[in-house]
There are 4 protein chains.
Amino acid sequence: VTIPVAVIGASGFLGGELTRLLLGHPRFELEYLTAESFVGQPLTDAHPNLWSLRDRRFEVADPDAIAGRCAVAFVATSAPVAAALVPQLLQRGLECVIDLSPAHRLRDEVVHHKWYPDAERDPAAAAVAVYGLPEVNREMLRSCRLIASPGCFATATSLALLPVGKLDGVALSAVTVDAKSGSTGSGSHPTASGMHARRTGVMSPYAPTTHRHVPEVRQTLVDAGVTPADAPLRLGMSAYAVDAVRGLLSCAYAFVDDSIDETQVRRAVYQTFKGERFVRTVSAQRGIAPLPDPRVLVGSNTCQVGGFYDADAQRLVLVAALDNMLKGGAGQALQAANARYGWDEADGLSTEGMYP
Amino acid sequence: VTIPVAVIGASGFLGGELTRLLLGHPRFELEYLTAESFVGQPLTDAHPNLWSLRDRRFEVADPDAIAGRCAVAFVATSAPVAAALVPQLLQRGLECVIDLSPAHRLRDEVVHHKWYPDAERDPAAAAVAVYGLPEVNREMLRSCRLIASPGCFATATSLALLPVGKLDGVALSAVTVDAKSGSTGSGSHPTASGMHARRTGVMSPYAPTTHRHVPEVRQTLVDAGVTPADAPLRLGMSAYAVDAVRGLLSCAYAFVDDSIDETQVRRAVYQTFKGERFVRTVSAQRGIAPLPDPRVLVGSNTCQVGGFYDADAQRLVLVAALDNMLKGGAGQALQAANARYGWDEADGLSTEGMYP
Amino acid sequence: VTIPVAVIGASGFLGGELTRLLLGHPRFELEYLTAESFVGQPLTDAHPNLWSLRDRRFEVADPDAIAGRCAVAFVATSAPVAAALVPQLLQRGLECVIDLSPAHRLRDEVVHHKWYPDAERDPAAAAVAVYGLPEVNREMLRSCRLIASPGCFATATSLALLPVGKLDGVALSAVTVDAKSGSTGSGSHPTASGMHARRTGVMSPYAPTTHRHVPEVRQTLVDAGVTPADAPLRLGMSAYAVDAVRGLLSCAYAFVDDSIDETQVRRAVYQTFKGERFVRTVSAQRGIAPLPDPRVLVGSNTCQVGGFYDADAQRLVLVAALDNMLKGGAGQALQAANARYGWDEADGLSTEGMYP
Amino acid sequence: VTIPVAVIGASGFLGGELTRLLLGHPRFELEYLTAESFVGQPLTDAHPNLWSLRDRRFEVADPDAIAGRCAVAFVATSAPVAAALVPQLLQRGLECVIDLSPAHRLRDEVVHHKWYPDAERDPAAAAVAVYGLPEVNREMLRSCRLIASPGCFATATSLALLPVGKLDGVALSAVTVDAKSGSTGSGSHPTASGMHARRTGVMSPYAPTTHRHVPEVRQTLVDAGVTPADAPLRLGMSAYAVDAVRGLLSCAYAFVDDSIDETQVRRAVYQTFKGERFVRTVSAQRGIAPLPDPRVLVGSNTCQVGGFYDADAQRLVLVAALDNMLKGGAGQALQAANARYGWDEADGLSTEGMYP
């Protein structure tokens, strides 16, 4: 008994990755694939790697047809499209919709409208959405009807900062985040600066002072009890494009007042994530690639988190690495869907990266 | 009931990839991992991606211990080491040894010694070796005791040229092969020219006139009946290093006397490989990446083969693409082992690449 | 006394490179820069590296204005645009026009129209064009009015094959060329397959059986006396995209009947190019990067040529490497312009690459 | 009248780049090239790009011979070797020694010994050293005998932070620096983690909590009056390896108490560097690559500095980009040598990068 699923927006990078993962999932079955600009074309026109689906074609995203044929839908479109479509799918009775867009991530309507003014959403849908970070919201995901799958920067940054909750005596007041991302993070739409000749070898501060994922991280840290709701962290993020196809590294820095030692930091990271299937504490200082590096995680749903302490400057350094297409995107969405159904969270997902 | 296996030479690139694949195999169970220069160290010192094996350590390659604990051994060492070790493993009763080195690939002793003078081998072992290209030798692999797993260039070039056997009226006399390879093909040993700063962006003819895999291709083409044993093809190969981590593209060119058309060539490719799990005929001229390209095969055991015809110059162009770590290395070895046991050849292997 | 020049089509990759070179030229002075889609915008919008030109803006390509302000024009547009514009510039009295497009390269009108049907050109202009490969046409360039600057693949392939003219006793009948190119070779226009995420790590046979530069090479080989006009070489080219920003490697293969030795081949290469400023014979088998590789030529106008002989297969291997933006494009155009004026051909050009 | 110079340690990346630059310098003349492990070998064995020096060979670093033949020496060795050699060269009467190693950068002996315990140096030599950052020490460089050329991270970070001195009302107390570097920054010695297969696509925190260049930056900021000597900045640096051959981006973050606006920050950057040949204020938000990015500076001696302000978090963001081989290494050394002699600082150096 398998559950028929739809992938809405299946021609993009995340949609393609989700399709690849679902192909190997033991319980979900690909039934409906949509892509506005590819309707009628074979799936392999957009994803030449998905050869075993060479007889499948992209269809239109018709809510009635989707509801008629599927029980679950993954939505990998832009926020405005998702904001419009998700309520229609829920009204037509789908068991669960997993929204990979940012349309339903921010619970506060005011905050949502400030950051996503173009994504006019249905408050009723937003009200039932559960933020899909299993490491924080696992229990709430069980049997929920709408999963708001986290952003890639938000996932890495939230996971990097969660251990602060286990660091006794450390009160954070200001955190700066320097996040580095590969080119799949910019989507599949052709742009002048995204061309290989120009994008190769860059170290480019494309968002030096602010990023849409900041309020998402803040909301998660409050949810997890890491920072109080009434005095949230002063949180700044700067985002950089670097030369990698997949991969995201989020590096959070905070000066602390009381002296701590690195062992405490490592222990806090370890305590926070022990038992987690997809988060590894990486603090070993030996071997090839001893520190968190998305390079060794390519193809896996794992996030590596490392905690360090700069004694000279009394500075806390928390680093999280992941594959933005997996734990930062399609893999995370599938993990949350697995959690929603009470299955093994690793169904259809790999814990081991491909390296080199 | 699983079969305990050893990976000999598990610290290199191929050994690590094999270990990763075996971790996901339904019937083989990793029991013994060796690496001369890592004895006693955790596996993750060499392969930080294989986190779920973080409690495993490299051991010495002791034939008695291997035979005592394992039924099958994959040997991913240099040819001289494999030439010495394989007979010892067979004598101690292992069910099957899969040799990824070139030590047992060439059946003719004279040819072997010409190309691998440093790999003094046991003729008795060589005599029972089956060349592990399932697309040619599937039946002989069943229940064999020694599999000589093909080289990466040889696999791609042989698969590119096999369709010539289905091209009526075309008699090849001379073929030139231009083969392009990524950096994992050069092994894990640090070298000056292999450093990132020097190896990035290269197009380097590192073997412009000859390559050790040429006699291997010739032997395979004779075995497959593509070329007669008594008048073998005049076959030249030039090998190039290009900027990719994984990937190999072999391009075979031949001028033909009688005019043919491209449809015939495509049909020959299709006829040669229809029904094959891991060879795709790629001749579509549509969509993203419409032609054979190892880029779309990263992580998969698939080989793409495309056949083209240059009518202006009466020139046949046959191209094969693969991931050198998989169909060109560890994946091929596992596929052959699956075939040897009569299992699904795809057990533990992926047919879909990771792209982008 | 400097000569004021125009760069027509200055927003593309070649136009930008030409502008960069002219900035350092001792006698030419940048006066007029055009780009259809950037009119009125600062030059640095397209070329952020050309900081010292930050006060210059792109203008419209008005022939009268260009003729009024400039004595020389470099045209780096598409062939149809160049075909229309060049005669207008010549009629208005420019001393010399250097056309980097293919509009005036092929002398034979029939051949031109077969390969460039969209570039309807003025036969009178075509009749005065000199093919701008100084190593072949140096004398004819002196004081000419129109230089048809060679294509990148044609330059490398012609230079690779010229030494055949010095190989006594070798009569070529069929040559296959395998040419590998970096991403700047595809131009600056955004495309789906040119995006970094998809173009990184490729080995892609984008033109497996034919290429527009084939007739150009054929014409050059006849001009140079390497092959007779009445029995031209059977010449096939296959073109590949590989992962490099700059760089082109052309590899020409030919089976020969009479046995020769590699020393003869090296000597032929050396004899062909001795005295040439921008062609190096590379046959040393020592040190880092001992063979022709565009990687070591980045930023230089040099072409490396190497000749090899595969004794086993009686196969001649001729390889030429260059930076497609320089000796394969803007550098070549400037070298020819220098030759046209009788200046040092290296004016404004570098002979040394940047490596690593 | 040219000045004969020596390059000591000419086989490494910086030594090779310096050699390439000196080849194009109007007044310095390459006379003596040394490299311990290459004595007697042609220069092109290590630097195949420097073809016009193919007749030159590496010699031993004999102080008498160097002093006999040269007036100036550039020392591009490790710190211990430089610490021993530099005093010998000065004693033998060289006009000027430019030390690219860290042996003479830190004036305070205690600080020097803490960070470079293996570089036992002559205090007399250290006492005459001038720190070779022309943007800060231009006057002191005139006629000095020993130039301590800055480190790559120190150069970028110091230049990023200098504008703070022009920011009225901003008192910095704590700064965190996130610095990203390409692979040439790790030197030419082969290592396991530096191999292309492992180094491609990394985002690796190789020095997460501390870096040897921190005390260098602190010293420079005190020298420049940006921070008081008795209450130096709390300064933490984290260093990352990313996938680029050349390039370094230093990103400095500081939370500020009083609200400022971005215009003030931009103005401070502009005021700090106006008139500087090799520092560009980059704050334009238009065109391709509108923000500081080492990618557009490849091959140039320019450093781009950008200042930004995150109003939400009251966070100052200062970013500096450079080519680590040029403004971060060999170019900087040559610029300082030019300044020492009162020549145009740009002699032999390019202000324009090569892009793409």
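No experiment lies behind these values; they were computed from the predicted model shown.

**Q** I'd like to hear about the overall build of chain A, residue by residue, with values.
**A** When its secondary structure is counted, chain A shows 12 helices and 13 strands. In terms of overall dimensions, chain A is globule-like: its C-alpha atoms have a radius of gyration of 20 Å, near the 21 Å expected for 356 residues. Each principal axis of the C-alpha atoms in chain A carries an extent, and together these give about 60 × 45 × 40 Å. Counting all 356 residues of chain A, 66% fall into the buried class.

**Q** Talk me through the interface of chain B and chain A; I want residue IDs and the actual numbers.
**A** One widely used convention gives an interface's size as the accessible area the parts lose upon coming together. Listed as interface residues are 33 residues of chain B and, on the opposing side, 32 residues of chain A. For the pair chain B and chain A, the summed buried surface comes to about 2700 Å²; carbon and sulfur atoms form 57% of the total. Our count for the contact surface shared by chain B and chain A stands at two salt bridges. Inspection of the chain B/chain A interface yields 12 residue pairs in polar contact (both at pLDDT 80 or more). For the side of chain B that touches chain A, the secondary-structure elements that each account for two or more residues are α1 (13-23), α2 (43-46) and β11 (279-281) of chain B. Per element, the largest residue contribution to the side of chain B that touches chain A is four residues, and it comes from α1 of chain B. For the side of chain B that touches chain A, a count of residues per class yields 16 nonpolar, nine polar and eight charged.

**Q** Quick one: what's the story with helix α7 (residues 134-141) of chain A, residue by residue and with numbers?
**A** Residues and elements named next belong to chain A. Three or more residues of α7 are buried, namely Pro134, Glu135, Asn137 and Leu141. Across the axial projection of α7, the buried residues extend over an arc of 140°, all falling on one side. Counted as exposed and oriented over 90 degrees from the buried face of α7: Glu139 and Met140. On its buried side, α7 packs onto β5 (129-131), β6 (146-148), α8 (152-161), β11 (279-281) and α12 (330-341).

**Q** Let's hear about the pattern of salt bridges: which residues, and what values?
**A** Residues and elements named next belong to chain D. Counted under the stated rule, the structure contains 80 salt bridges over all chains. A salt bridge links glutamate 109 to arginine 121; the nearest nitrogen and oxygen atoms lie 3.1 Å apart. With glutamate 109 in helix α5 (residues 109-115) and arginine 121 in the loop between α5 and α6 (123-128), the pair connects residues that are 12 residues apart, well separated along the chain. The exposure class of glutamate 109 is partly exposed, given its relative accessible area of 26%. The class for arginine 121 is buried, based on a relative accessible area of 6%.

**Q** Give a description of the environment of arginine 280 of chain A that names residues and reports values.
**A** With respect to the helices and strands, the residue arginine 280 of chain A is situated in strand β11. Residue arginine 280 of chain A is classed as buried on the basis of its relative accessible area, which comes to 4%. For the pair arginine 280 of chain A and proline 205 of chain A, spaced 75 residues apart in sequence, the C-alpha to C-alpha distance is 28 Å. If near-sequence neighbours (up to four positions away) are discounted, arginine 280 of chain A is found in contact with Leu297, Thr302, Cys303, Gln304, Val305, Thr351 and Glu352 of chain A together with Pro48, Asn49 and Trp51 of chain B.

**Q** Requested: an account of unusual backbone geometry, with residues and values cited.
**A** That bond from tyrosine 355 of chain B to proline 356 of chain B is cis: its omega, 0°, falls within 30 degrees of zero. Looking at the secondary structure, you find proline 356 of chain B in the segment after α12 (330-341).

**Q** Let's hear about the packing of aromatic side chains: which residues, and what values?
**A** All names here are of chain A. Per the counting criterion, the structure on display carries 20 aromatic pairs over all chains. Aromatic side chains phenylalanine 28 and tyrosine 341 sit 5.9 Å apart centroid to centroid with 80° between the ring planes, which places their arrangement in the edge-to-face category. You can see phenylalanine 28 sitting in strand β2 (residues 28-34) and its partner tyrosine 341 sitting in helix α12, a full 313 residues away along the chain. The same class applies to phenylalanine 28 and to tyrosine 341, which are both buried.

**Q** So what's going on with the interface of chain D and chain A? Residues and values would help.
**A** Across the contact, 59 residues belong to chain D and 59 residues belong to chain A. In this assembly, chain D packs against chain A so that about 4200 Å² is buried in total across both faces, 61% of it on carbon and sulfur atoms. When the area that chain D buries against chain A is broken down by residue, the three leading residues are Met203, Thr209 and Arg234 of chain D, summing to 17%. Our count for the contact surface shared by chain D and chain A stands at four salt bridges. Put simply, aspartate 178 of chain D and lysine 180 of chain A hold a salt bridge, and the shortest N to O gap is 2.8 Å. Counting the contacts that link chain D with chain A gives 26 residue pairs in polar contact (both at pLDDT 80 or more). For the side of chain D that touches chain A, the secondary structure elements donating two or more residues are α5, β7 (174-181), α9 (196-199), β8 (203-207), β9 (234-242), β10 (248-255), β12 (303-310) and β13 (315-322) of chain D.

**Q** Pulling in residues and values, what's your account of the relation of the copies chain B and chain A?
**A** It takes a turn of 180° to lay chain B on chain A, together with a shift of 0.0 Å along the axis; the resulting RMSD is 0.0 Å. Taken together, the rotation and translation describe the operation of a two-fold axis. Across chain B, the smallest distance between a C-alpha and the rotation axis is recorded for glycine 299 of chain B, namely 4.3 Å. Of the interface residues in chain B, 97% have counterparts in chain A that sit at the interface too, so the contact is made through matching surfaces.

**Q** Break down helix α11 (residues 262-273) of chain D for me, citing the residues and quoting the values.
**A** Residue and element names in this part refer to chain D. For α11, spanning 12 residues, the distance from its first C-alpha to its last is 17 Å, which sits close to the expected 16 Å at 1.5 Å a residue. When α11 is considered as a whole, its buried residues turn out to be Val265, Ala268, Val269 and Phe273. The arc enclosing the buried residues of α11, seen along the axis, measures out at 110°, which places them on a common side. Packing partners of the buried residues in α11 comprise α8 (152-161), β11 (279-281), β12 and β13. Of the residues flanking the end of α11, it is glycine 275, one or two places downstream, whose phi is positive at about 90°.

**Q** Describe the relation of the copies chain D and chain A, naming the residues involved and giving the relevant values.
**A** Under the fitted operation, chain D is carried onto chain A by 0.0 Å of movement along the axis and a turn of 180°, and the coordinates agree to an RMSD of 0.0 Å. Here 100% of the contact residues of chain D are again contact residues in chain A; the copies associate through an equivalent surface.

**Q** Give me the lowdown on the side chain of glutamate 17 of chain C, citing residues and values where you can.
**A** With respect to the helices and strands, glutamate 17 of chain C occurs in helix α1 (residues 13-23). With residues up to four places along the chain from it excluded, the contact list for glutamate 17 of chain C reads Arg246, Met325, Leu326 and Ala330 of chain C together with Met354 of chain D.

**Q** Could you give an account of the sheet that holds strand β9 (residues 234-242) of chain C, naming the residues involved and the relevant values?
**A** Residue and element names in this part refer to chain C. Taken in spatial order, the seven strands line up as β8-β9-β7-β10-β13-β12-β11 in an open sheet, and their pairing is mixed. If you trace the sheet from one side to the other, it starts and ends with β8 (203-207) and β11 (279-281), each paired once. Taking the axes of each pair of neighbouring strands and ignoring which way they run, one obtains an average angle of 25° across the sheet. In this structure, β8 lies alongside β9, joined through three bridges in antiparallel fashion. Bridging across to β9, methionine 203 finds its partner in valine 242. The strands touched by helix α8 (residues 152-161) are β7 (174-181), β8, β9, β10 (248-255), β11, β12 (303-310) and β13 (315-322); relative to β13, the strand with the most contacts, the crossing angle is about 135°. In the packing of helix α11 (residues 262-273) onto the sheet, the strands contacted are β11, β12 and β13, and the crossing angle to β12 comes to about 160°.

**Q** How would you explain the packing of α7 of chain A against α12 of chain A if you had to name every residue and give the values?
**A** All names here are of chain A. One can describe the packing of α7 onto α12 by two numbers: an axis separation of 9 Å at closest approach and a directional angle of 35°. The element α7 and its partner α12 pack so that their crossing is right-handed. Here α7 contributes Pro134, Glu135 and Leu141 to the contact with α12, which in turn contributes Gln332, Gln335, Ala336, Ala339 and Arg340. Per-class residue counts for the contact of α7 with α12 are four nonpolar, two polar and two charged.

**Q** Which residues make up empty space enclosed by the protein, and what values do they have?
**A** Summed over the entire model, instances satisfying the criterion amount to five cavities of 30 Å³ or more. As a volume, the largest cavity reaches approximately 1000 Å³. Lining the largest cavity are 44 residues, and of these Asp243 of chain A, Asp243 of chain B, Asp243 of chain C together with Thr200 and Asp243 of chain D sit closest to its centre. Residues belonging to the lining of the largest cavity are distributed by class as follows: 20 nonpolar, 12 polar and 12 charged.

**Q** For the sheet that holds strand β4 (residues 96-99) of chain B, give the residues involved together with the corresponding values.
**A** Residues and elements named next belong to chain B. Sheet architecture is open: six strands sit in the order β2-β1-β3-β4-β6-β5, paired in parallel fashion. Only two strands of the sheet have a single partner each, and these edge strands are β2 (28-34) and β5 (129-131). Here the strands of the sheet are splayed against their neighbours by 20° on average, with no regard to which way each runs. Sheet topology note: the strand β3 (residues 72-75)/β4 ladder contains four bridges and is parallel.

Conventions used here
Starting afresh in each chain, residues are numbered from 1 along the sequence in its written order. A letter from A marks each chain and a number from 1 marks each ligand, given out in the order of writing. Predicted model: local features are reported for residues with pLDDT of at least 70 only, side-chain atom pairs are reported and counted for 80 or more only, and whole-chain, interface and lining totals are derived from all residues. As a convention, hydrogens and water are excluded, and side-chain values are obtained from all of the structure's heavy atoms. Secondary structure follows DSSP: runs of H or I at least 4 residues long count as helices, runs of E at least 2 residues long count as strands, and numbering of each begins at the N terminus. Radius of gyration here uses only the C-alpha atoms, and the compact-globule reference equals 2.2 Å multiplied by the residue count raised to the power 0.38. Whether a residue is buried, partly exposed or exposed follows from its accessible area with a 1.4 Å probe, protein chains only, as a fraction of its type maximum: under 20%, in between, or over 50%, in that order. Should any heavy atoms of two residues lie within 4.5 Å, those residues are considered in contact. Buried area is calculated as the accessible area (1.4 Å probe) missing from two parts once they are joined, with the contributions of both summed. Salt bridges are defined by distance alone: a side-chain nitrogen of Lys or Arg within 4 Å of a carboxyl oxygen of Asp or Glu. The definition of a polar contact used here is a pair of N or O atoms within 3.5 Å, where within protein one atom must be able to donate a hydrogen and the other to accept one, and adjacent residues in sequence count solely through side-chain atom pairs. Under the scheme applied here, ten amino acids are nonpolar (Ala, Val, Leu, Ile, Met, Phe, Trp, Tyr, Cys and Pro), four are charged (Asp, Glu, Lys and Arg), and all others, including Gly, are polar. Directions drawn from the helix axis to the C-beta atoms are what define this arc. What counts as a ring pair is set by centres within 6.5 Å for rings of Phe, Tyr and Trp (its six-membered ring), and what kind of pair is set by the plane angle: stacked under 30 degrees, edge-to-face over 60, tilted for all other angles. All copies are superposed by least squares; the fitting set is the C-alpha atoms of residues with a pLDDT of at least 70 in both. Expected span of a helix, by definition, is 1.5 Å for each gap between consecutive residues, and there is one gap fewer than residues. Strand pairing requires that DSSP identify at least two bridges connecting the strands. Only the stretch in contact is used when fitting a helix axis, every axis being a line fitted to C-alpha atoms; angles between N-to-C directions are given from 0 to 180 degrees. A clockwise turn of the near helix away from the far one marks a right-handed crossing, whereas an anticlockwise turn of less than a right angle marks a left-handed crossing. With a 1 Å grid spanning the protein atoms alone, the term cavity applies to any set of points in which a 1.4 Å probe fits but cannot get out, the term pocket to an open set with protein on both sides within 12 Å along at least five of seven lines, and the term lining residue to any residue with an atom within 4 Å of a point. Grid points are joined across faces, edges and corners, and a volume is the space filled by probe spheres set on the points.

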